[in-house]
Amino acid sequence: MQIMTQISAFFVPVFIAAIVVFGLAKKVPVYEAFIRGAKQGLDTVVRILPYVIGFVFAIRIFTASGCFDYLAAALSPILKPAGIPPEILPLALIRPFSGSAAIGMLTTMLERYGPDSFIGRAASTLMGSTETLFYTTALYYGSVGIKKTRYTIPAALVSELSGLLASVAVCRLFFG
Amino acid sequence: MINYIWAFLIVIGTVAGAFTGHMQAVGDAAVEGAKEAGLLCVSLIGAYALWLGVLNVAKEAGLIETLARRMRGVVRRLFPGVPPDSEANGLITLNIVANMLGMGNAATPFGLQAMKALQALGKDRDEASDAMCMLIIINASSVQLLPLTVIALRSAAGSAAPAEIVLTALISTTVTTTVGIVAGKVWQRFSRCR
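As the structure is a computational prediction, the values presented were derived from the model and not from experiment.

1. Some details on helix α6 (residues 104–121) of chain B
Between the first and last C-alpha of α6(B) there are 26 Å, a value that for 18 residues agrees with the 26 Å anticipated at 1.5 Å per step. Across the 18 residues that make up α6(B), a large majority, 13, are buried.

Shown next as structure tokens:
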């Protein structure tokens, strides 16, 4: 744990420094090159701003309504026979929508069931193996003006579902 | 599809809020959510400027091209229709590497630049290309090697072994990424047949 945190502390500074050193080696005016790139920062954020606001507020309405609890309750009789504990469902449902809401949900679950319980471990594994989907889709496509998303969402949802099944299965295997 | 999902979130959220008696919270969430999203964007300006600056140093040093050439074999399999000399190859690689290392802050601006490069290749300005679909599917499936946020949360909750989920998460995330790629490829073939 300690070692991993220390190693990961190297990623960002080493990543930046390595690129700067490479630039110097290639005789690039590194500072000026940086400034030219950094100028796009504001433009990029301005371009994505309406998409971020549009999706974040809609997701917040959805999560604040408490309908995840109902959805989880409605789905649990289907998933229980498959060996998936219903307690983990709210996290699996919220994960594609919002990263921060999922972090909040995981925190609550770790407190309620304990981080070293089966549910705590499976929930942690699930959290570490999937990402937010709808926000990413809106942001990436919005930024370049794509309107038809084709199979992006269904394929990614299949992947999120596989994350739920895999997390529970792998944790059963490793932790019993 | 985005139109329906967006409308679904708002309509279902409002109806469910009425049933659960959370209407006040739902209204507050809308206003607060918009405010927070605005503040989030302001706070992103710095990070985006930093990473786009670093990216441009890499670009002017020819690193993106080198990366694109090196990773051409892998990228071509996953992202059909991207010419081998396209800058998109390098940008996609950087986006995935930043995701693997858990540098979410950097991954998004790299990913947005990759989308821009992919859009410049396409003929259809409205419709996502296969490569764009795949980029988002991979981003949504998480390729992060060390789930540091989760480890920190477990540690805060008093876990005896906060990092014991590293291996299970790695296995599970390999599954989600593989399933996502396969599902994308199957859909790709299916949509071409029609």
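2. Some words on empty space enclosed by the protein
In this structure the tally under the stated criterion is one cavity of 30 Å³ or more. Size it by volume and the largest cavity reaches roughly 30 Å³. Along its surface, the largest cavity is lined by Q40(A), L52(B), L55(B), N56(B), K59(B) and Q113(B). The element that contributes the greatest number of residues to the lining of the largest cavity is helix α2 (residues 23–60) of chain B, accounting for four residues.

3. Re the confidence of the model for chain B
Residue and element names in this part refer to chain B. Summing up the model confidence of chain B, the mean pLDDT is 91 and the portion of residues at 70 or higher is 99%. Here helix α4 (residues 72–78) stands out as the least confident element of chain B, with mean pLDDT 85; helix α7 (residues 130–140) is the most confident, with 95. As a predicted assembly, this complex carries a pTM of 0.90 together with an ipTM value of 0.90.

4. So, the packing of helix α3 (residues 40–64) of chain A against helix α1 (residues 2–20) of chain B
For the pair α3(A) and α1(B), the least separation of the axes is 7 Å and the interaxial angle reads 35°. Along this stretch, α3(A) crosses α1(B), giving a crossing that reads as left-handed. Side by side, α3(A) and α1(B) meet where G54(A), F55(A), F57(A), A58(A), I59(A), I61(A) and F62(A) of the first sit next to I2(B), I5(B), W6(B), F8(B), L9(B), I10(B), I12(B), G13(B) and T14(B) of the second. Among the residues making up the contact of α3(A) with α1(B), the classes are represented as 13 nonpolar, three polar and no charged.

5. A closer look at the environment of A30(B)
When you line up the elements, A30(B) lands in helix α2. Residue class for A30(B) comes out buried when judged on its relative accessible area of 17%. Placed 79 residues apart in sequence, A30(B) and P109(B) show a C-alpha to C-alpha distance of 26 Å. Aside from chain neighbours lying at most four places away, what touches A30(B) is F57(A) and I61(A).

6. Notes on helix α6 (residues 99–113) of chain A
All names here are of chain A. Compared with the 21 Å implied by 1.5 Å per residue over 15 residues, the 21 Å span of α6 between its first and last C-alpha is a close match. Turning to α6, its buried residues are A102, L106, M109 and L110. Looking down the long axis of α6, one finds its buried residues gathered within 100° of arc, a one-sided arrangement. Of the exposed residues in α6, the ones pointing more than 90 degrees away from its buried face are S100, E111 and R112.

7. Describing the interface of chain A and chain B
Between chain A and chain B, the contact holds 94 residues from the first and 101 residues from the second. Inspection of the chain A/chain B interface yields six salt bridges. For E164(B), the salt bridge identified is with R121(A), shortest N-O distance 2.6 Å. Our count for the chain A to chain B interface comes out at 30 residue pairs in polar contact (both at pLDDT 80 or more). Of all the secondary structure elements, the ones that give two or more residues to the side of chain A that touches chain B are α1 (2–25), α2 (30–38), α3, α4 (67–79), α6, α7 (118–129), α8 (134–144) and α9 (152–175) of chain A. With 20 residues, the single largest contributor to the side of chain A that touches chain B is α3(A). Partitioned by chemical class, the residues of the side of chain A that touches chain B number 56 nonpolar, 27 polar and 11 charged.

Conventions adopted
Residues numbered from 1 in each chain as written. Chains lettered and ligands numbered in written order. Predicted model: local features only at pLDDT ≥ 70, side-chain atom pairs only at ≥ 80, totals over all residues. Heavy atoms only, no water. Helix = DSSP H or I, 4+ residues; strand = E, 2+ residues; numbered from the N terminus. Expected span 1.5 Å × (residues − 1). Buried < 20%, exposed > 50% of the residue type's maximum accessible area, 1.4 Å probe, protein only. 1 Å grid on protein atoms, 1.4 Å probe; cavity = no way out; pocket = protein on both sides within 12 Å on 5 of 7 lines; lining within 4 Å. Points joined across faces, edges and corners; volume = space filled by probe spheres on them. pLDDT = per-residue confidence, 0-100. Axes fitted to C-alpha atoms, helices over the stretch in contact; angles between N-to-C directions. Left-handed = near helix turned anticlockwise from the far one by under 90°. Contact = heavy atoms within 4.5 Å. Nonpolar A, V, L, I, M, F, W, Y, C, P; charged D, E, K, R; others polar. Arc of directions from axis to C-beta. Salt bridge = Lys/Arg side-chain N within 4 Å of Asp/Glu carboxyl O. Polar contact = N/O pair within 3.5 Å; in protein donor to acceptor, adjacent residues only side chain to side chain.

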